[in-house]
Amino acid sequence: MSDEQMKVQIKNLYKIFGSNPKAMVEKVQGGMGKPELLEKHGHVLGLKDINLDIPARKVQVIMGLSGSGKSTLIRHINRLIEPTAGEMIVDGEDVLSMNDNDLREFRRKKASMVFQKFALLPHRTVAENAAYGLTIQNIPTSEAMSRSQKWIDRVGLSGFENHYPAQLSGGMQQRVGLARALATDAEILLMDEAFSALDPLIRTDMQNVMLDLQEELHKTIIFITHDLDEALRIGDNIAILRDGSMVQEGSPQQIVLDPADDYVSDFIKDINRGRVLEVGSVMHAKPPAKGPELEASTVLEEAMQVLVSSKIKEAIVVRDGKKVGGLSMEDCVKAMARTQGRSEGSSAYT
Ligand SMILES: Nc1ncnc2c1ncn2[C@@H]1O[C@H](COP(=O)(O)OP(=O)(O)OP(=O)(O)O)[C@@H](O)[C@H]1O
Ligand SMILES: [Mg+2]
């Protein structure tokens, strides 16, 4: 993909916390890890040599254990944090060279943040909170209110306009947070554990609200989560951080089929592979002459049912109406079997 289609480009990004971070970059480049940097030099390695291209109109998930650098990374995108070294390019523009005015505009109009704790103003109504991103741009209140009303409706809060945050459940509060971010028309949504405080059912509900909206709006969404099910559900791409380094980046299919190391394997060990892996990622090259047809996006659980109940035990895999490969029960079983660490040559990507 060419650079122009990349919404966000993160290049050789380092963040080190401490009294003299710039002096530490070389040590980290020389291979010093997070524990040693802390012990010997009293500095915290936040991020190490992060390179990530985030395509426009997709959902990029960032995962990793607590302290791995997820929030630090997302906060660099709208420069809430200054890097120790490296580049941050958004729409071809260097975020680090923006002046205060550019940056204010950028945060208000280009990249909107949705926080975990909703960050609603307690003494303002739902309508006022949703309009907040517009009123701080000095858009007249009546216009701000009418523009944000559309988003209040879209997130399912019609009728609650005059309620205060404390009168709403957590899920409803987060809907207000989402409406507020959407009302700014920002092309990029930065969501740091936005749904993590919600109960499982409400959380699934919010994921659905977001996926429905995304189908129509095609925002560039950068979404941090601890939860792999959430990541697999909403992510077009997933980046996995460990101790400030990016250990793997790819589609959910790539990550599940070909985990880069034991850390990643550990993340994915409990998922239901049959419901995640798609036929297109595990098929073999040559379609059989005859057999049932399966869409490449069919998940293995369904594909296996088709194979079992068909007389011909090999399926033709179809993508965009074209025959692109074949799928046997053996392919399915191999893909279902759990691998430890990086597998050898078993994936369709190698
Ligand atoms: N202002 C700061 N000063 C010193 N160290 C910091 C600062 N901010 C973050 N860190 C450290 O940087 C590392 C990455 O922190 P970060 O908050 O980005 O992790 P995270 O992946 O978002 O974790 P969590 O899942 O708990 O939110 C941690 O070791 C953290 O202690
Ligand atoms: Mg965090």
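For the structure itself, consult the block above.
Residues take numbers from 1 onward in each chain, read along the sequence in its written order. For naming, the first written chain is A and the first written ligand is 1, with later ones following in the order written. Two thresholds apply to this predicted model, a pLDDT of at least 70 for residue-level local features and 80 or more for giving and counting side-chain atom pairs, whereas whole-chain, interface and lining totals are computed over all residues.

(A) The arrangement of the sheet that holds strand β6 (residues 111–114) in detail. Ordered by their spatial adjacency, six strands build an open sheet running β6-β7-β8-β3-β9-β10, and the pairing between neighbours is mixed. Looking at which strands have only one partner, the edges of the open sheet turn out to be β6 and β10 (245–250). Ignoring strand direction, the axes of neighbouring strands in this sheet form an average angle of 20 degrees. When DSSP finds at least two bridges between two strands, those strands are taken to pair. Counting from the N terminus, the helices are DSSP H or I runs at least four residues long and the strands are E runs at least two residues long. Both strand β3 (residues 59–64) and strand β9 (residues 237–242) contribute to a ladder of five bridges, which runs parallel. Interaxial angle, 0 to 180 degrees, is taken between N-to-C directions of lines fitted to C-alpha atoms, where a helix line uses only the stretch in contact.

(B) The nonpolar core, seen in detail. Core analysis: the biggest nonpolar cluster contains 86 residues, and I62, A130, A179, L190, M191 and I222 have the highest contact counts within it. Both domains that meet at this core, namely domain 1 (55–80 + 98–250) and domain 2 (273–336), each give it at least three residues. Contact between residues is assigned whenever the C-beta positions, reconstructed from backbone atoms, fall within 7 Å. Residue contacts for I222: discarding those within four places in its chain leaves I54, Q60, I62, I74, I77, I188, L190 and M191. To count as a nonpolar core, a set of buried Ala, Val, Leu, Ile, Met, Phe, Trp, Tyr and Cys residues must be joined through C-beta atoms within 7 Å. Burial is judged by counting other C-beta atoms within 10 Å of a residue's own C-beta: 20 or more means buried, 12 or fewer means exposed, and anything between counts as partly exposed, with every C-beta placed from the backbone. Here the bounds of each domain stem from an automatic or database domain assignment.

(C) Structural detail: the site of ligand 1. Working rule for contacts: place C-beta from the backbone, and if it is within 6 Å of a molecule or strand, that residue counts as near it. Residues in close proximity to ligand 1 include F17, V44, G46, G64, S66, G67, S68, G69, K70, S71 and T72, which together make up its full environment. The dominant element in the shell around ligand 1, judged by the number of residues it contributes, is helix α3 (residues 70–77), at three residues. Three classes are used: nonpolar for Ala, Val, Leu, Ile, Met, Phe, Trp, Tyr, Cys and Pro, charged for Asp, Glu, Lys and Arg, and polar for all others, with Gly counted as polar. Of the residues contributing to the shell around ligand 1, the split by class is two nonpolar, eight polar and one charged.

(D) Geometry of the environment of L73. Looking at where L73 falls in the secondary structure, it is placed in helix α3. Each C-alpha atom, one on L73 and one on V264, is 19 Å from the other, the two residues being 191 residues apart in sequence. Look past the residues within four positions of L73 in its chain and what remains in contact with it is L47, I50, I62 and L241.

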